[in-house]
Amino acid sequence: MKTVHSNIKKAKKILDKNHCIAVPTETVYGLAGNAYSDISVKKIFKLKKRPMNNPLIVHYLDINKVKEDCHINNDFIKLYNKLSPGPITYILKLKKSSKISKFVTNKQNSLAVRFPKHTLFRKLLKKVNYPLAAPSANISTRLSSVKASDVAEEFGTKIKCILNGGRCKIGVESTIINLLGKPMILRLGGLDFLKIEKILKKKFFVKINSKKKISPGQFRLHYSPGIPLRMNAKKAKKDEAFILTNKRRDSFKNYYYLSKKNDLKQSAKNLYSLLRKIKKDGYKMIAVEKIKDIGIGKTINDRLSRASKFK
Ligand code: TXA
Ligand code: MG
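Bear in mind that the values here come from a model prediction, so they are computed numbers and not experimental data.

How each quantity is defined
Residues numbered from 1 in each chain as written. Chains lettered and ligands numbered in written order. Predicted model: local features only at pLDDT ≥ 70, side-chain atom pairs only at ≥ 80, totals over all residues. Heavy atoms only, no water. Axes fitted to C-alpha atoms, helices over the stretch in contact; angles between N-to-C directions. Helix = DSSP H or I, 4+ residues; strand = E, 2+ residues; numbered from the N terminus. Parallel < 35°, antiparallel > 145°, perpendicular 65-115°, else oblique. Left-handed = near helix turned anticlockwise from the far one by under 90°. Contact = heavy atoms within 4.5 Å. Buried < 20%, exposed > 50% of the residue type's maximum accessible area, 1.4 Å probe, protein only. Arc of directions from axis to C-beta. Pairing = 2+ DSSP bridges. Domains from an automatic or database assignment. Buried area = accessible area lost by both parts, 1.4 Å probe. Salt bridge = Lys/Arg side-chain N within 4 Å of Asp/Glu carboxyl O. 1 Å grid on protein atoms, 1.4 Å probe; cavity = no way out; pocket = protein on both sides within 12 Å on 5 of 7 lines; lining within 4 Å. Points joined across faces, edges and corners; volume = space filled by probe spheres on them. Nonpolar A, V, L, I, M, F, W, Y, C, P; charged D, E, K, R; others polar. Core = buried A, V, L, I, M, F, W, Y, C linked by side-chain atoms within 4.5 Å.

Caption draft 1: Local environment of the packing of helix α4 (residues 74–83) against helix α8 (residues 193–200). For the pair α4 and α8, the least separation of the axes is 10 Å and the interaxial angle reads 125°. Between α4 and α8, the angle falls in the class oblique. For the crossing formed where α4 meets α8, the hand is right-handed. Contact residues: D75, K78, L79, K82 and L83 in α4; K195, I196, I199 and L200 in α8.

Caption draft 2: Up close: α8. Those residues of α8 not exposed but buried are F193, I196, E197, I199 and L200. Projection of α8 onto a plane perpendicular to its axis shows the buried side chains occupying an angular sector of 165°, all on one side. Buried residues along α8 sit against α4, β6 (88–94), β10 (175–178), β11 (184–187) and α10 (296–307). Phi turns positive one or two residues past the end of α8, at K201, with a value near 55°.

Caption draft 3: The arrangement of the pairing of strand β13 (residues 241–244) in detail. Of the two faces of β13, both are covered, the one formed by A241 and I243 as well as the one formed by F242 and L244. Looking at chain direction, β13 and strand β15 (residues 286–288) are connected through three bridges and run parallel. In the strand pairing of β15, A241 is matched with I286. Of the strand pairs in this sheet, β13 and strand β14 (residues 255–257) are connected by three bridges, and their pairing is parallel. Residue pairing for β14: L244 is matched across the bridge by Y257.

Caption draft 4: Layout of the domain arrangement of the protein chain. Domain boundaries in the protein chain define domain 1 (4–200) and domain 2 (229–307). One C-alpha centre belongs to domain 1, the other to domain 2; they are set 28 Å apart. Taken together, the contacts link 22 residues of domain 1 with 15 residues of domain 2. Taking both partners together, domain 1 and domain 2 bury about 1600 Å²; carbon and sulfur atoms supply 54% of that area. Counting the surface domain 1 buries against domain 2, the share from its top three residues, L143, R167 and L188, is 34%. Counting every contact that joins domain 1 to domain 2 gives five salt bridges. In this structure, R276 and D150 form a salt bridge, with 3.7 Å as the shortest nitrogen-oxygen distance.

Caption draft 5: The arrangement of empty space enclosed by the protein in detail. All told, the structure shown has two cavities of 30 Å³ or more when counted by the stated rule. Quantified by volume, the second largest cavity comes out at close to 40 Å³. What lines the second largest cavity is T175, L188, G189, L191, D192, F193, G295, K298 and T299. Grouping the constituent residues of the lining of the second largest cavity by class yields three nonpolar, four polar and two charged. Looking at which domains feed residues into the lining of the second largest cavity, each of domain 1 (4–200) and domain 2 (229–307) supplies at least three.

Caption draft 6: Quick look at the nonpolar core. Counting 93 residues, the largest nonpolar core has I21, Y90, L124, I177 and I196 as the members making the most contacts within it. Residue contributions to this core peak at seven residues, all from helix α9 (residues 264–280). The two domains that each donate at least three residues to this core are domain 1 (4–200) and domain 2 (229–307). Setting aside residues no more than four positions away along its own chain, I21 makes contact with A11, I14, L15, G30, L31, A32, L124, C161 and L163. Counting six residues, the second-largest nonpolar core is a separate cluster that includes A233, F242, L244 and A287.

Have a look at this one:
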């Protein structure tokens, strides 16, 4: 049977049997399983080689479904109404009566919830009668997948179904906000946190790549292409791939463009694919030109900075 397709019925059948499948979202591809099933959730951790103490994001169709598993609050409702479905994940308090597998949350009393925008994923969520736990579809610490072929590269024949929803529009993971107490940004992502500040009328202090681990999964080495990478480079050495965001007058084989017109959204969308390509092209080192630290540029710098911890 074909692994890569966009047949929701077939995908549902596999999920109903407690297997995992890959799903497209507007941010990155996810490795999905029934969030109510211990068997499915354990399979996700095993496939991804993810430490069991790093909790998963659970994907829901809408707010009504979330109410079955989580306590909701005013900040959540305000943000949900304006920003979901979209690239934002909320940390909420888990209800005692919730059916979420204890392996999703590592037995904590909070849950990361997200409402994906991709139409294929939404169609799937309408068909199944459980929410879907889905971390990014990549082996732990490696680059996230933004195309069905990236997922196939990561997992080979180990997954039975990759729902093909084309290339992810945003290209970096969702922004995570903790709403348990005072709202706090835990991970920079595809949604500019200034939008959240506007809605909540609050300022956030966001320090990227701080030494303190603010979210269980925010390990310093993450999103790595598996070769050394340095940031804020003015020039590249001969044997380095040079990542650029602005068109240069000269042209060399080692130039790789995230964007030719300093477009940060386009750069974010191309980031993981370009890093994968550079590795495939055989480079052993990467230099990256300075990237503007505003809006989604902050997210790009966060990911590059973590990748630069690879030695
Ligand atoms: O865009 C995305 O968010 C993608 C797509 C597939 O939805 N998912 C994704 O999942 O990036 P993952 O597992 O790669 O990253 C989830 C992050 C991890 O850093 C994890 O530690 C954090 O969310 N997280 C999950 N549950 C949490 C919780 N209860 N409290 C704090 N952080 C949590
Ligand atoms: Mg991930």
